[in-house]
Amino acid sequence: MRRHEFRYDPGLCCDSSIMFDSILQYLDWFGICIFALSGTLVASRKRMDVVGFAFLGCVTGIGGGTVRDVLLGSLPVFWVKQPAYVITCLLVSCTAFFLVHHVRSRLRLLLWCDAVGLALFSVTGAATGVASGAGPTIAIVMGVATATFGGVIRDMLGGEIPIILRREIYVTAALLGAATFATFLALGASRDAALVAGFLAAFALRAAAIVLGLSLPVFSGTGATNDE
Amino acid sequence: MRRHEFRYDPGLCCDSSIMFDSILQYLDWFGICIFALSGTLVASRKRMDVVGFAFLGCVTGIGGGTVRDVLLGSLPVFWVKQPAYVITCLLVSCTAFFLVHHVRSRLRLLLWCDAVGLALFSVTGAATGVASGAGPTIAIVMGVATATFGGVIRDMLGGEIPIILRREIYVTAALLGAATFATFLALGASRDAALVAGFLAAFALRAAAIVLGLSLPVFSGTGATNDE
Amino acid sequence: MRRHEFRYDPGLCCDSSIMFDSILQYLDWFGICIFALSGTLVASRKRMDVVGFAFLGCVTGIGGGTVRDVLLGSLPVFWVKQPAYVITCLLVSCTAFFLVHHVRSRLRLLLWCDAVGLALFSVTGAATGVASGAGPTIAIVMGVATATFGGVIRDMLGGEIPIILRREIYVTAALLGAATFATFLALGASRDAALVAGFLAAFALRAAAIVLGLSLPVFSGTGATNDE
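Below is a summary of the structure that appears in this document. As the structure is a prediction and not an experimental result, all values here were calculated from the model. (Residues numbered from 1 in each chain as written. Chains lettered and ligands numbered in written order. Predicted model: local features only at pLDDT ≥ 70, side-chain atom pairs only at ≥ 80, totals over all residues. Heavy atoms only, no water.)

**Things to note about the interface of chain B and chain A**
Listed by partner, the interface residues are 35 residues for chain B and 35 residues for chain A. Overall, the association of chain B and chain A removes approximately 3,000 Å² of surface from exposure, summing both partners, and the carbon and sulfur fraction of that is 68%. Put simply, chain B and chain A have 0 salt bridges between them. The interface formed by chain B and chain A contains 1 residue pair in polar contact (both at pLDDT 80 or more). Breaking the side of chain B that touches chain A down by element, the ones donating at least two residues are helix H3 (50-72), helix H7 (136-157) and helix H8 (171-186) of chain B. No other element matches the 9 residues that H7(B) contributes to the side of chain B that touches chain A. Here the side of chain B that touches chain A is built from residues that sort into 21 nonpolar, 11 polar and 3 charged. (Contact = heavy atoms within 4.5 Å. Buried area = accessible area lost by both parts, 1.4 Å probe. Salt bridge = Lys/Arg side-chain N within 4 Å of Asp/Glu carboxyl O. Polar contact = N/O pair within 3.5 Å; in protein donor to acceptor, adjacent residues only side chain to side chain. Helix = DSSP H or I, 4+ residues; strand = E, 2+ residues; numbered from the N terminus. Nonpolar A, V, L, I, M, F, W, Y, C, P; charged D, E, K, R; others polar.)

Next comes the structure, spelled out in structure tokens:
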């Protein structure tokens, strides 16, 4: 939507034909909701109030895309142009505040929401980079940045150990998704096919990492503890 | 001031008639000073040197407004256009370095400075959002972001537990201030009346939270410790 | 380079005559490499995989300049205009992944890389500020911000205690470098002479701080532990 609609719209977006005109918008919108949910799950672990849920939900849902827009100079950022994104995050957050205690294992749900959001944003971030005129290198970097920084900000503000420091494959999955998207585009595939292929690649790898504890070979020297 | 003065001014602002032409500038300027002071109080807790005081003082004083300007695309950020803000933060920080050891309870002073700054920035942030052409939703979000991110950056750089994670009402007070401002404006009140009303609402709520330990009902499920 | 080349170049920069047309570009480029290396050293302490090395290497190498460009409104940020910077960080990071285990004391190497990068970015950041039309105050602030924020982001994402919180002189060295550069310029020296003088001043002070444990007098009151 923010590719087709550069006019500054200070009110709510009501033109759903513009908002959902392609699979890119669907994926982006779904990624924002699922990352917002992951933010509320961190809020639930810290026993925050409903405003804390809304704060962490919004920051996580729109954080990755905000970093991307700032780096690309696409300002004001997307949710200032389209406040519907913020409203959506608020609705997700408030709903989660009242319903999420029914979930048995919230840490597990957090991991899976984060995985879906990571895979979605790795391709939508790369697609936004391409739409802004960037080449493949920068498009892939934008995919990785959009996918990872929402979670980074969530973990920092929520006082959690950053998910990027965990042993299992994480940033690599975002990289695979964005690179798959860029490769499909370069090979002449349609954008929609490239989006789906990249998402599936990223999600499959991250899911395997969660379920099987997959990790890449780590640095072969000694770690921090026995370092000087 | 940055609403009336878009010309890039790389030197010092000396035209005090422009700088203080309204209550908005006074409030904004006072908020920056009081947040800078809160930054130096964190620096004092970490026993930093005078440059550390200046660094944390500046980052805290101008951090919230910097985030707001970046999100709105109002670049370069306000203090690049008007270095007087930076100079003011430096003066506050250096003064604090030499005088703050006279204060008996610096943690208490930190809480109250933060409370005044939070209330001030919640309304000046929202007013800046309105001045940039944003609707009420985004104006309120800008008020909350301006009010909270200075403290967030201060606590992160200073190695403190983020104040937004505390149990007592915090983000809610910023939200109340910004929403009160927006409501007064929508009801036809003058901007100055809306500023004062919003400030009083935010400060009263945060002060009550500090004094009485007020908090909203928190998430009803279990917290992080006994989660899976 | 980004001062002489405002055209948006979405591909790789291949015109090395533009990229290395002055000592400023050399210093900036070297600073990015050495900060990228410092990022990989943190990654090695956390025993990350090769993608983690690349992530922390890139974020640290280009982080300070990214903050500077955003504050100045010079968007998109420099490495989006010139992806060669990102590629360089990736090459440094991957090389470090395979070679850095030969280094005996990686913590010591980290400190020295950080010191060289700090000194380099304090002058190149200030020079970029001057080139953008800012006065001496803002130029010095940009020097300090460019020099310190790469390390700040590295330590936050890497879960290290921020280097700016250490007792020895750190931010002060960046301040000295940027101020020396600005003073030399104001006294009529050539930019290249000012760059070299500022770099030497900053590096000498930081090196002395590391070797001799130099620190400025710290705040004279009590610290956080026995505060209320």
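The rest of the description comes next.
**Quick notes on the relation of the copies chain B and chain A**
Take chain B, turn it by 120°, move it 0.0 Å along the axis, and it overlays chain A with an RMSD of 0.0 Å. Read as a symmetry element, the transformation amounts to a three-fold axis. Closest to the rotation axis within chain B is the C-alpha of B:Val70, separated from it by 4.2 Å. Of the interface residues in chain B, just 9% have counterparts in chain A that sit at the interface too, so the contact is made through distinct surfaces. (Least-squares fit on C-alpha atoms with pLDDT ≥ 70 in both.)

**Thoughts on the nonpolar core**
Core analysis: the largest hydrophobic core is formed by 216 residues, its most contacted members being A:Phe55, A:Trp79, B:Phe55, B:Trp79, C:Phe55 and C:Trp79. Other than its neighbours up to four places away in sequence, A:Phe55 contacts A:Leu157, B:Val144, B:Thr148, B:Phe149, B:Ile164 and B:Val171. (Core = buried A, V, L, I, M, F, W, Y, C linked by side-chain atoms within 4.5 Å. Buried < 20%, exposed > 50% of the residue type's maximum accessible area, 1.4 Å probe, protein only.)

**Quick notes on the packing of aromatic side chains**
Summed over all chains, the structure comprises 21 aromatic pairs over all chains. When the centroid spacing of 5.1 Å and the interplanar angle of 80° are considered together, the rings of C:Phe78 and C:Tyr85 count as edge-to-face. Residue class for C:Phe78 comes out buried when judged on its relative accessible area of 1%. Among the aromatic residues, those joined into a ring-pair cluster are A:Phe53, A:Phe97 and A:Phe98. For the cation-ring pair, B:Arg68 lies above B:Phe78, with the distance from its terminal atom to the ring centre recorded as 5.5 Å. (Phe/Tyr/Trp six-rings, centres within 6.5 Å; stacked < 30°, edge-to-face > 60°. Lys NZ or Arg CZ within 6 Å of the ring centre and 35° of its normal.)

**Topic: the environment of A:Val144**
Structurally, A:Val144 is set in helix H7 (residues 136-157). Judged by relative accessible area, which is 10%, A:Val144 ranks as buried. For the pair A:Val144 and A:Val70, spaced 74 residues apart in sequence, the C-alpha to C-alpha distance is 15 Å. Ignoring any residue separated from it by four or fewer positions in sequence, one finds A:Val144 in contact with A:Val171, A:Ala174, A:Leu175 and C:Phe55.

**Details of helix H6 (residues 106-131) of chain C**
Residue and element names in this part refer to chain C. Between its first and last C-alpha atoms H6 spans 36 Å; for 26 residues at 1.5 Å apiece the expected length is 38 Å, and the two agree. Summarising burial for H6: 21 of the 26 residues are buried, a large majority. Backbone geometry just after H6 places Gly-133 at a positive phi near 100°. (Expected span 1.5 Å × (residues − 1).)

**Focus on the environment of B:Ala202**
Assignment of secondary structure puts B:Ala202 in helix H9 (residues 191-212). For B:Ala202, a relative accessible area of 1% corresponds to the buried category.

**Thoughts on the pattern of salt bridges**
Counted under the stated rule, the structure contains 15 salt bridges over all chains. Taking the shortest distance from any N to any O, the salt bridge between C:Glu160 and C:Arg45 comes out at 3.0 Å. Residue C:Glu160 is located in the loop between helix H7 (136-157) and helix H8 (171-186), and its partner C:Arg45 is located in helix H2 (residues 23-45); the two are separated by 115 residues in the primary sequence. Residue classification places C:Glu160 among the buried residues on the basis of a relative accessible area of 18%. Put simply, C:Glu168 and C:Arg166 hold a salt bridge, and the shortest N to O gap is 3.5 Å. Exposure remark for C:Arg166: the relative accessible area of 37% places this residue in the partly exposed category. Counted as one network, the salt bridges with shared partners bring together A:Asp114, A:Arg154 and A:Asp155.

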